[in-house]
Amino acid sequence: MASETVVRRTEQWFVRQGAPTMIEGYGFRSHVLPRMLPALTFVAAGSLAWLVLQQSSGLSRWVLLGVIVAVMVSAWVLLSLFVRRMRSFSPRATVLVLAVYAAIPVITPLIQWAIDVRFRAPDGDGEPDSVWVALVWFVVVFGIAFVATMLATTYGLGSLLKAAIRHVIADLSNSVHLLGRALPPMLFVTLFLFFTGELWQAMNQLRWPRVSLVVLLFASITVLAAAARLRDEIGRVEQDLRPEVLKTACQGTPLSEVDVAEPLAPRRLNGRQTRNLLVMLAMRQLVQAAVIGLALFAFFVVLGLIVVTPPIAEQWIGSPPTMSLIPGVPSAMLRNATLFAAFGSMYFSVISMSDAEHRRQFFAPVIEKVERTLEVRAVYLDVRERAAA
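Residues numbered from 1 in each chain as written. Predicted model: local features only at pLDDT ≥ 70, side-chain atom pairs only at ≥ 80, totals over all residues. Heavy atoms only, no water.

### Notes on the overall build of the chain
Heads up, the condition is: Here a helix means four or more residues in a row that DSSP labels H or I, a strand means two or more in a row labelled E, and each is numbered from the N terminus. Only protein chains enter the accessibility calculation, which uses a 1.4 Å probe; a residue whose area is less than 20% of its type maximum is buried, one above 50% is exposed, and one in between is partly exposed. Accessible areas in this description were obtained via Shrake-Rupley with a 1.4 Å probe; residue shielding takes into account the shown protein chains only.
Scanning the chain from N- to C-terminus turns up 14 helices and zero strands. Ordering the α and β elements of the chain from the N terminus gives α-α-α-α-α-α-α-α-α-α-α-α-α-α. Burial statistics for the chain: of 389 residues in total, 42% are counted as buried. Carbon and sulfur atoms provide 66% of the accessible area of the chain, an area that totals close to 21400 Å².

Here it is, written out as structure tokens:
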């Protein structure tokens with residue numbers, strides 16, 4: 001019984017670490033769907049609250065929004081407390097949950113349309129086309145929410161994001177070291193391009209939606225480069241499963257009291273577990289790159305305010321620059337700063353995995369976390385097998 005308790009607590013530890021796929025027998029019905037239920041209820045409750053409150057009168061838009069948010073958050077909290085005691089769903093419960101979730105985006109607009117027709121003037125038009133537009137919109141939103149929730153739950157994205165933010169906060173506590181190491185290479189590559197007149201002309205004409213697409217393009221390149229590099233790193237992670245190493249790795253986990261007397265054999269990872277480790281590494285890299293990007297953005301804005309006066313900006317652009325919502329700040333300056341921040345973040349992500357010194361400073365701690373996860377998994381599987389014997 002004690003071993004089963006340790007196994008269950010270790011599985012919860014994997015979830016908190018953002019590595020839920022390390023749980024043996026991890027599957028949709030047994031692990032993913034129960035943890036998805038609060039988020040799915042959050043979406044469904046918001047839809048039903050919207051339907052009910054649309055028929056209310058005399059309430060301001062902000063009051064309606066506050067009530068909807070309160071209903072959704074309450075549903076999330078209550079279901080979270082409930083599913084903590086539920087490790088898996090039966091096949092019948094799984095079908096029921098999926099059927100109810102699939103029915104809500106169909107029922108909600110139909111009920112809304114029926115209410116509108118019921119209270120419409122006798123000579124009014126029921127506008128049946130509008131209900132089909134609303135139905136398709138609801139189905140698409142509910143489908144996207146389901147897929148996003150399933151992926152986030154399967155790979156523990158919430159826990160990984162929180163862990164990455166904690167690491168970044170720790171880095172920022174030593175921000176002079178972090179930025180001092182990261183910013184000089186970025187500025188060496190981008191600084192003089194910032195004063196290119198042709199680029200200022202382009203950025204003065206380019207609107208923010210297109211600038212966002214450029215940033216998204218840089219982010220996509222970052223993800224692709226990181227995925228290719230990190231897959232090689234996963235293959236090189238060493239699983240040192242000697243007893244003394246395992247004991248150190250298990251400190252601070254539910255397995256801290258487990259005695260491992262002999263080395264354990266490495267366990268093969270399946271495709272889902274490998275992808276989970278890739279996401280673990282990529283999340284840390286991307287959040288850290290975002291911090292560097294924010295620092296670069298702030299640097300270029302300050303530099304532009306000091307060096308690029310309005311007459312200089314007008315000379316580069318060839319006409320009076322379009323001004324942003326910030327008094328005295330040209331829109332081209334903010335767009336240029338955004339562009340170079342995105343490029344610098346991409347460049348930082350690449351060199352942090354390839355350059356030896358940057359790798360030691362910024363990437364090695366992430367690899368150590370992956371190694372620890374694999375070491376704890378080896379002990380967890382050993383304990384689980386002994387408990388089942």
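Picking up after the structure, the text goes on.
### What about the packing of aromatic side chains?
The way to describe two aromatic rings as a pair is by their centre distance and the angle between their planes. Rules: Stacked, tilted and edge-to-face are the three classes applied to pairs of Phe, Tyr and Trp rings, where Trp contributes its six-membered ring and a pair requires centres within 6.5 Å; stacked means planes under 30 degrees apart, edge-to-face means over 60, and tilted covers the rest.
In total, this model carries 15 aromatic pairs according to the counting rule given. Summarising the aromatic geometry, the rings of Phe299 and Phe300 are spaced 5.5 Å apart at their centres and angled 75 degrees between planes, so their arrangement reads as edge-to-face. Take Phe299: its relative accessible area is 31%, and that puts it in the partly exposed class. Accessibility expressed as a relative area gives 0% for Phe300, which makes it buried. Consider the rings of Phe300 and Phe340, whose centres lie 5.5 Å apart with planes at 35 degrees: the pair is tilted. Placement of Phe300 in helix H11 (residues 271-307) and of Phe340 in helix H13 (residues 331-354) is noted, with a sequence separation of 40 residues between them. Members of the aromatic cluster, joined through ring pairs, are Phe194, Phe195, Trp200, Phe299, Phe300, Trp316 and Phe340.

### Describing a nonpolar patch on the surface
Filter applied, for reference: Put simply, a patch holds well-exposed residues, over 30% relative accessible area, that have no salt bridge, with like charges counted together within 9 Å and Val, Leu, Ile, Met, Phe, Trp or Tyr side chains within 5 Å. Salt-bridge detection follows one rule: a side-chain nitrogen of Lys or Arg within 4 Å of a carboxyl oxygen of Asp or Glu.
Taken together, the side chains of Val69, Val73, Trp76, Val77 and Leu81 present a nonpolar region at the surface, about 420 Å² in accessible area. Of note, Val77 is situated in helix H3 (residues 61-83).

### Digging into the side chain of Asn276
For clarity, the cut-off: Counting of polar contacts relies on pairs of N or O atoms within 3.5 Å, with two restrictions inside protein: one atom must be capable of donating a hydrogen and the other of accepting it, and residues adjacent in sequence are counted only when both atoms are side-chain atoms. Only heavy atoms enter the contact rule, under which two residues are in contact if any of them lie within 4.5 Å.
Examined against the element boundaries, Asn276 turns out to sit in helix H11. At a separation of 3.1 Å, a polar atom in the side chain of Asn276 contacts the main-chain carbonyl oxygen of Gly18. Setting aside chain neighbours within four positions, we find Asn276 in contact with Gly18, Ala19, Pro20, Thr21, Tyr155 and Leu160.

### Quick notes on the environment of Leu277
Tracing the sequence through the fold places Leu277 in helix H11. Residue classification places Leu277 among the buried residues on the basis of a relative accessible area of 0%. Counting along the chain gives 259 residues from Leu277 to Gly18, while the straight-line C-alpha distance between them is 9.0 Å.

### Thoughts on the packing of helix H8 (residues 197-205) against H13
Spelled out, the test is: Comment: axis = line fitted to C-alpha atoms, over the contacting stretch for helices; angle = value between 0 and 180 degrees taken between N-to-C directions. Orientation is classified from the angle alone, with under 35 degrees giving roughly parallel, over 145 giving roughly antiparallel, 65 to 115 giving roughly perpendicular, and any other angle giving oblique. Ten residues, namely Ala, Val, Leu, Ile, Met, Phe, Trp, Tyr, Cys and Pro, are considered nonpolar, four, namely Asp, Glu, Lys and Arg, are considered charged, and the remaining ones, Gly among them, are considered polar.
Where H8 contacts H13, the axes come no closer than 8 Å and their chain directions differ by 105 degrees. As far as their axial angle goes, H13 and H8 are roughly perpendicular. Of H13, the residues touching H8 (which contributes Leu199, Trp200, Met203 and Asn204) are Ala332, Met333, Arg335, Asn336, Leu339 and Phe340. Taken together, the residues of the contact of H8 with H13 break down into seven nonpolar, two polar and one charged.

### Quick notes on the nonpolar core
What counts here: Residues grouped as a nonpolar core are buried Ala, Val, Leu, Ile, Met, Phe, Trp, Tyr and Cys residues, joined through side-chain atoms within 4.5 Å.
By size, the foremost hydrophobic cluster in this structure holds 46 residues, and its most contacted members are Phe14, Leu255, Leu264, Val376, Val379 and Tyr380. For this core, the leading source of residues is helix H14 (residues 356-388), giving 10 residues. Excluding residues within four positions of it along the chain, Leu264 makes contact with Leu241, Leu246, Ala378, Val379 and Asp382.

### Some thoughts on H8
We count it as follows: In this description, the arc belongs to the directions extending from the helix axis to the C-beta atoms.
Three or more residues of H8 are buried, namely Gly197, Leu199, Trp200, Met203 and Asn204. With its buried residues spanning 155 degrees around the axis, H8 presents them on a single face. Along H8, exposed side chains directed more than 90 degrees from the buried face belong to Glu198 and Gln205.

### Observations regarding the pattern of salt bridges
In this structure the tally under the stated criterion is three salt bridges. Where Arg267 meets Glu385, a salt bridge forms, and the shortest distance between an N and an O atom there is 3.0 Å. You can see Arg267 sitting in the loop between helix H10 (243-250) and H11 and its partner Glu385 sitting in helix H14, a full 118 residues away along the chain. By relative accessible area, which is 42% here, Glu385 ends up partly exposed.

### Side note on the confidence of the model for the chain
To be explicit about the condition: pLDDT: the predictor's confidence for each residue, scored from 0 to 100.
Summing up the model confidence of the chain, the mean pLDDT is 79 and the portion of residues at 70 or higher is 81%. This model gives residues 117-126 a pLDDT under 50, and the stretch forms four contacts once residues within four places in sequence are excluded.

### Digging into the side chain of Thr253
Among the secondary structure elements, Thr253 is positioned in the loop between H10 and H11. A polar contact is formed between the side chain of Thr253 and the backbone oxygen of Cys250, at a distance of 2.6 Å. What Thr253 contacts, discounting residues up to four positions off in sequence, is Trp13, Arg372 and Val376.

### Comments concerning the packing of H11 against H13
Basically, it comes down to this: Here a crossing is taken to be left-handed if its near helix is turned anticlockwise relative to the far helix by less than a right angle, and right-handed if that turn runs clockwise.
Contact geometry of H11 with H13 gives a least axis separation of 7 Å together with a crossing angle of 140 degrees. It follows from the interaxial angle that H11 and H13 lie oblique. Note that H11 runs across H13; the crossing there is right-handed. In this structure, H11 uses Gln285, Gln288, Ala289, Ile292, Gly293, Leu296, Phe297, Phe300, Val301, Gly304 and Leu305 to contact H13, whose residues at the interface are Met333, Leu334, Ala337, Thr338, Phe340, Ala341, Gly344, Ser345, Phe348, Ser349, Ser352 and Met353. Classifying every residue of the contact of H11 with H13 by side-chain character gives 14 nonpolar, nine polar and no charged.

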